[in-house]
Amino acid sequence: MGIFALQSLVGGFLDEDLKNFNKVFDDWCVQFESMEDAQLILDTLEKHDQIKIVEITPLSYPKYFFPKLQGIIHATREYEGKIICIVEPQMGMSFRIAICDMQTKKVRVLATRYKNALSAEGAFANLSFDV
């Protein structure tokens, strides 16, 4: 369940105008259903040696697949058809764990708050909560 995009080696995803790169992957970025389709476009671009093809998946870029997921994502993990994320809703806030359902596209943020990323990672690693 992935899509392919063109990314600059210095960061950013190719925009629909095929000239600019967006820092964040969003609906304005060019996306392809296959690696071959992406390669066809890449071969037509100037400076194509400075651009790479990347696969965007719910695990690698959960915010794109789950628009309701807000904040800074620190880690992701797939478990039983769900994407589990450690989220910092806003910089400096307590860390939370979000459960993103890949079938329904719903996001549930657990009530427990963690003071630091290390304590959130402990719960995250051991799945000491109900999915």
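Residues numbered from 1 in each chain as written. Predicted model: local features only at pLDDT ≥ 70, side-chain atom pairs only at ≥ 80, totals over all residues. Heavy atoms only, no water.

Novice: Please explain the overall build of the protein as it appears in this structure.
Specialist: Across its full length, the protein carries three helices and nine strands. Listing every helix and strand of the protein by position from the N terminus yields β-β-β-β-α-β-α-β-β-β-β-α. Referenced to the eigenvectors of the C-alpha coordinate spread, the extents of the protein come out at roughly 50 × 30 × 20 Å. Buried residues in the protein amount to 41% of all 131 residues. Within the protein, contacts between residues at least 6 apart in sequence are counted, and of these 41% link residues at least 24 apart. For the protein, the centre of its 14 positive side-chain charges and the centre of its 18 negative side-chain charges are spaced 12 Å apart. (Helix = DSSP H or I, 4+ residues; strand = E, 2+ residues; numbered from the N terminus. Buried < 20%, exposed > 50% of the residue type's maximum accessible area, 1.4 Å probe, protein only. Contact = heavy atoms within 4.5 Å. Lys, Arg positive; Asp, Glu negative; His and termini not counted. Charge placed at Lys NZ, Arg CZ, Asp CG, Glu CD.)

Novice: Whenever I open this one, the environment of Gln39 confuses me. Can you help?
Specialist: On the secondary structure map, Gln39 appears in helix α1 (residues 35-42). We classify Gln39 as partly exposed; its relative accessible area is 33%. Separated by 22 residues in the primary sequence, Gln39 and Tyr61 have C-alpha atoms spaced 21 Å apart.

These figures capture arrangement, not role.
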